[in-house]
Amino acid sequence: MRQRGLTLLEVLIATTISTLVVGSAIWLATEGLGTSRRTGERVEASEEYLLLAKRLRAELSCTYYSPLFADSFQGSEEELSFYYPTGKGLRYVRWVSNAEGIWQQVREPGARQWRPPVKLSSNWQGKFFYLDQDGGWQNTWHSGEEESLPPMVRLELTGPGTRELTVALAAARAIPY
């Protein structure tokens, strides 16, 4: 009489196939989680970029030059500071980029002290550049020395990729007093 059951070879083949199927399922699940995480990080970085662009454009579009305020607009690669008028007076704004991200600090009209810095981005670091009257990009600008605003400010961002943000300043924004 013949015994019913599986041979050792059949058991080994079934075990191998099962291991391959389970291993493939685990690999697909972990790859899917990694892709989802990377996509989330990219979306967050894009949102931070759009916030930086919107905020910098809004603030720089209001800045001005006045010979009475020699420091009305100053910039280096790591820092940009400028005044712009509000309904209550002049707001002084400082943007700083360092290894920890991009920060903004504000001193309200009439205030003697700065507000605590606000981190605008932890994904991006940047360098500021300033277009001179001859069409060349400079890494510093001082409105007292130049007696004007730069026509454009460029922020080169590095982080999850590389992006460039260029903001045109209103050339006519000069207040003679």
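Residues numbered from 1 in each chain as written. Predicted model: local features only at pLDDT ≥ 70, side-chain atom pairs only at ≥ 80, totals over all residues. Heavy atoms only, no water.

Concerning the overall build of the protein chain
Turning to step 1, where the next piece is worked out: The secondary structure content of the protein chain amounts to 2 helices and 10 strands.
Turning to step 2, where the next piece is worked out: Helices and strands in the protein chain line up, N terminus first, as α-β-β-β-β-β-β-β-β-α-β-β.
Turning to step 3, where the next piece is worked out: For the protein chain, the C-alpha radius of gyration of 28 Å lies well beyond 16 Å, the compact-globule estimate for 177 residues.
Turning to step 4, where the next piece is worked out: Across its three principal directions, the C-alpha atoms of the protein chain cover 115 × 35 × 20 Å.
Turning to step 5, where the next piece is worked out: Residue burial in the protein chain is summarised as follows: out of 177 residues, 30% are buried.
Turning to step 6, where the next piece is worked out: Counted over contacts in the protein chain with a minimum sequence separation of 6, partners at least 24 positions apart contribute 46%. (Helix = DSSP H or I, 4+ residues; strand = E, 2+ residues; numbered from the N terminus. Rg over C-alpha atoms; globule rule 2.2 N^0.38 Å. Buried < 20%, exposed > 50% of the residue type's maximum accessible area, 1.4 Å probe, protein only. Contact = heavy atoms within 4.5 Å.)

Let's talk about the sheet that holds strand S8 (residues 141–142)
Turning to step 1, where the next piece is worked out: Read across the sheet, 6 strands follow the order S5-S4-S3-S2-S1-S8 without closing on themselves; strand pairing throughout is antiparallel. Two strands close off the open sheet at either side, each with one partner strand: strand S5 (118–121) and S8.
Turning to step 2, where the next piece is worked out: Taken together, the 8 bridges between strand S2 (residues 79–86) and strand S3 (residues 89–98) define a ladder with antiparallel strand orientation. Looking across to S3, one finds that Phe82 is bridged to Val93. (Pairing = 2+ DSSP bridges.)

Observations concerning the side chain of Ser97
Turning to step 1, where the next piece is worked out: Position of Ser97 among the secondary structure elements: in strand S3.
Turning to step 2, where the next piece is worked out: Within the structure, Ser97 has its side chain in polar contact with the backbone nitrogen of Gly126 (distance 2.6 Å). (Polar contact = N/O pair within 3.5 Å; in protein donor to acceptor, adjacent residues only side chain to side chain.)

Considerations on the pairing of strand S9 (residues 152–159)
Turning to step 1, where the next piece is worked out: Of the strand pairs in this sheet, strand S6 (residues 125–131) and S9 are connected by 6 bridges, and their pairing is antiparallel. Among the inter-strand pairings, Gly126 is bridged to a residue of S9, identified as Leu157.
Turning to step 2, where the next piece is worked out: Examined bridge by bridge, S9 and strand S10 (residues 161–168) share 8 bridges and lie antiparallel to one another. When the sheet's bridge partners are listed, Arg154 is paired in S10 with Thr166.
Turning to step 3, where the next piece is worked out: Where S9 hands over to S10, the hairpin turn is made up of 1 residue, counted between the paired strands.

Regarding the packing of aromatic side chains
Turning to step 1, where the next piece is worked out: One pass over the structure, following the stated rule, counts 6 aromatic pairs.
Turning to step 2, where the next piece is worked out: Their ring planes at 90° and their centres at 6.2 Å tell us that Phe73 and Tyr130 sit as a pair that is edge-to-face. One end of the pair, Phe73, is in strand S1 (residues 73–75); the other, Tyr130, is in strand S6, and 57 residues separate them in sequence.
Turning to step 3, where the next piece is worked out: Overall, the relative accessible area of 0% leaves Phe73 in the buried class.
Turning to step 4, where the next piece is worked out: Grouping aromatic residues by their ring pairs yields a cluster made of Phe73, Phe82, Tyr84 and Tyr130.
Turning to step 5, where the next piece is worked out: Just above the ring of Trp114 sits the side chain of Arg107; from NZ or CZ to the centre is 5.2 Å.
Turning to step 6, where the next piece is worked out: Directly above the aromatic system of Trp137 lies the positively charged group of Arg154, at a separation of 4.4 Å from the ring centroid. (Phe/Tyr/Trp six-rings, centres within 6.5 Å; stacked < 30°, edge-to-face > 60°. Lys NZ or Arg CZ within 6 Å of the ring centre and 35° of its normal.)

Side note on the side chain of Gln105
Turning to step 1, where the next piece is worked out: Structurally, the position occupied by Gln105 is in strand S4 (residues 101–107).
Turning to step 2, where the next piece is worked out: Look at Gln105 and you get buried, because its relative accessible area is 17%.
Turning to step 3, where the next piece is worked out: There is a polar contact of 3.1 Å between the side chain of Gln105 and the backbone oxygen of Arg115.

Side note on the sheet that holds S6
The strands that make up a sheet are held in pairs by hydrogen bonds between backbone atoms, and each pair lies either parallel or antiparallel.
Turning to step 1, where the next piece is worked out: Reading across from one edge, S7-S6-S9-S10 is the order of the 4 strands in this open sheet, with antiparallel pairing throughout. Edge positions in the sheet fall to strand S7 (137–138) and S10, since each of these pairs with one other strand and no more.
Turning to step 2, where the next piece is worked out: When S6 meets S7, the two strands line up antiparallel, connected through 2 bridges. Among the inter-strand pairings, Leu131 is bridged to a residue of S7, identified as Trp137.
Turning to step 3, where the next piece is worked out: Together, S9 and S10 form the strand contacts of helix H1 (residues 8–60), whose direction differs from that of S10 by roughly 15°. (Axes fitted to C-alpha atoms, helices over the stretch in contact; angles between N-to-C directions.)

Scope: geometric values only; no functional claims are made or implied.
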